[in-house]
Amino acid sequence: MADRPALPTRRRADAATLACVFAVALLVVPARMVFRGLPLSITPASLVALAATFLCLCAHLTLTLGMAKGRNPVRTALLVFLTAMVATFGYATFGYMPSDELNLADHALILLVANAGLALLVCDGVRGTARLDFVLQTVVVAGAIIAVIGACQFLLDLDLTRYMEFPGLRYTAEDGFITLRSDFRRVAATTGHPIEFGVVCAMLLPIAVHYGFQARERSEPALRWWVCSGLIGMGLMFSVSRSAVLGLVGVAVVLFLGWPARRRLQALGVVFGFLVLMRIMVPGLLGTFYGLFANFGNDDSIRYRTHDYEVAAHEIAKHLWLGRGAGTWYAPKHQVFDNQYILSTVETGLIGVGAIVGMFACAFYAGLRARHLSTDPGTRDLGLTLAACMVVPLIGAATFDLMAFATATGLSFLLIGAAGALLRAATEPAASRPREPGASSGAPGAGDPTGADRDAGGQAVP
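Here is a short report on the structure shown in this document.

## Considering the overall build of the protein chain
Per the secondary structure count, the protein chain includes 15 helices and six strands. A buried classification covers 51% of the 462 residues belonging to the protein chain. Of the contacts made within the protein chain by residues no fewer than 6 positions apart, 77% connect residues no fewer than 24 positions apart. As presented, the protein chain carries roughly 21,600 Å² of accessible surface, and 65% of it is formed by carbon and sulfur atoms.

## Description of the pattern of salt bridges
One pass over the full model with this rule turns up 13 salt bridges. Arg75 is the partner of Asp124 in a salt bridge, and the nearest nitrogen-oxygen pair spans 3.5 Å. Within this pair, whereas Asp124 is found in helix H4 (residues 99-125), its partner Arg75 is found in helix H3 (residues 73-94), the two being separated by 49 residues in sequence. Overall, the relative accessible area of 0% leaves Asp124 in the buried class. For Arg75, a relative accessible area of 25% puts it in the partly exposed group. For Asp159, the salt bridge identified is with Arg162, shortest N-O distance 3.8 Å. What makes Arg162 partly exposed here is its relative accessible area of 43%.

## Digging into the side chain of Asp124
Among the polar contacts listed, one links the side chain of Asp124 to the side chain of His60, at a separation of 2.9 Å. Beyond its immediate sequence surroundings of up to four residues, Asp124 is in contact with His60, Gly66, Met67, Ala68, Arg75 and Arg424.

## Brief notes about the nonpolar core
Leu136, Phe238, Leu285, Leu411, Leu414 and Leu415 are the most contacted members of the largest nonpolar core, which totals 116 residues. Residues within four places of Leu285 in sequence aside, it is in contact with Phe154, Phe184, Met237, Phe238, Val240 and Met278. Judged by nonpolar contacts, the second largest core, of seven residues, contains Ala312, Ile316, Ile342 and Val346.

## Overview of the packing of helix H8 (residues 242-258) against helix H10 (residues 285-294)
Following both chains from N to C, one finds H8 and H10 inclined at 85°, their axes separated by 10 Å at the closest point. For the element pair H8 / H10, the angle class is roughly perpendicular. Judged by residue contacts, Arg242, Val245 and Leu246 of H8 engage Phe289, Leu292 and Phe293 from H10. Here the residues of the contact of H8 with H10 sort into five nonpolar, no polar and one charged.

## What about the state of the cysteines?
Tallied over the full model, the rule gives zero disulfides. Cysteine Cys56 remains unbridged, with the sulfur of Cys123 as its closest cysteine sulfur at 9.0 Å.

## Here we look at H10
Turning to H10, its buried residues are Leu285, Thr288, Phe289, Gly291 and Leu292. Considered in projection along H10, the buried side chains sweep an arc of 160° and stay on one side of the axis.

## With respect to the packing of H3 against helix H13 (residues 340-373)
H13 packs onto H3 with a crossing angle of 170° between their chain directions and a minimal axis gap of 9 Å. Classified by the interaxial angle, the pair formed by H3 and H13 is roughly antiparallel. Crossing handedness for the pair H3 and H13: left-handed. Within the contact between the two elements, H3 uses Pro73, Val74, Ala77, Leu78, Val80, Phe81, Ala84, Met85 and Thr88 and H13 uses Glu347, Thr348, Ile351, Gly352, Ala355, Ile356, Gly358, Met359, Cys362, Ala363, Tyr365 and Ala366. Residues belonging to the contact of H3 with H13 are distributed by class as follows: 16 nonpolar, four polar and one charged.

## Looking at the side chain of Glu347
Tracing the backbone through its elements, the reader meets Glu347 in helix H13. Buried and unpaired, Glu347 has Arg324 as its nearest opposite-charge partner, separated by 6.5 Å.

About the thresholds
- Residues numbered from 1 in each chain as written.
- Predicted model: local features only at pLDDT ≥ 70, side-chain atom pairs only at ≥ 80, totals over all residues.
- Heavy atoms only, no water.
- Helix = DSSP H or I, 4+ residues; strand = E, 2+ residues; numbered from the N terminus.
- Buried < 20%, exposed > 50% of the residue type's maximum accessible area, 1.4 Å probe, protein only.
- Contact = heavy atoms within 4.5 Å.
- Areas by Shrake-Rupley, 256 points an atom, 1.4 Å probe, with all protein chains shown as cover.
- Salt bridge = Lys/Arg side-chain N within 4 Å of Asp/Glu carboxyl O.
- Polar contact = N/O pair within 3.5 Å; in protein donor to acceptor, adjacent residues only side chain to side chain.
- Core = buried A, V, L, I, M, F, W, Y, C linked by side-chain atoms within 4.5 Å.
- Axes fitted to C-alpha atoms, helices over the stretch in contact; angles between N-to-C directions.
- Parallel < 35°, antiparallel > 145°, perpendicular 65-115°, else oblique.
- Nonpolar A, V, L, I, M, F, W, Y, C, P; charged D, E, K, R; others polar.
- Disulfide = S-S within 2.5 Å.
- Arc of directions from axis to C-beta.
- Left-handed = near helix turned anticlockwise from the far one by under 90°.
- Lys, Arg positive; Asp, Glu negative; His and termini not counted.

Honestly, that's just the spatial picture; any functional story needs more than this.
Okay, here's the thing in structure tokens:
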């Protein structure tokens, strides 16, 4: 009997699979939809993140489920962040706290642990650049889908989220996802606010562009990634958000510093063509964006963002180091701070805001470090891209309360974990390169008297 052809091996679900489920739930399901019947407002993405946190903890207790071991700057930053948040929670709840603020502090801590756990799962569980590409490509496609939803809202005044009803879920508010600015619709797609939608698009656009360039350089089909890039770019414009433009400028600075001259010229040509297309499609939109910056000193939204500094200084002085508790400063009970740095300092103190900034800075460093260590052009370019993505939330945090919005926060943590995973992927080949004669090799029994295997961080594994 002739041998039958071997059937393709089915890949079992792993951390990358769970990260993709989280990305789809985060971006495609409207941010205002939560589960019915639960005492806390939990979205599908938050539930997936909580499951990821639990599974990550269980997987780290074994040596057979593929979780990476050893040091990683992103992993350390996440630990510092969680420690700071738990310390803030303990300090805030040690004394008396009104019941409404206590409930919000409990809710905020759960969500922060879930997001950090999701980032840790991606950092330690997504092994290799192929699986990381799978996660990030899923994120790009989901971003293109919500960009289409945003385009329908902007161009047709058609809110598709009104038809997105899921069993067991309910809307927390009946407000629409469309507002107005300068006679133009400002759209939020499935996110909580147009500013958030714009910032999310600014984080996703460089990743879509990366896969467009990489597909072309590898002689692979690239049109789909350029279509995704165009849709996400249109979504950014349709948000009519100053924060999105500022974030995109930050991305451009990082990318232009790392890109070769030829790619810079190509990118400038694409941007010029895109702006011409937007001017033809939506006359007056570019003028509106120009007015947002030309009238910077007379803009009511700017005055609103800066008039509360006195109140913030008074509150910060009360709890300088650990704050009054994450999630406890909320509207309409308290003055709204459209600045995450101020809000985080009020709620988590100097220690908390330092941990948040340090976490993004470590992810930025991890991307650049992966670029430095790798010899693969695709990995090097992805490292630069992820580093550029980290600039967007750092800038956006100065223009609105970023961590009060679930989609922007969840995407930020996902990309933080991706930067850590890429650094692990780049470190492993670097550690396996031949060394100088007489130098200690990381291979079992080669220059290691214990004969133990070592992971990407150089730690001995039994």
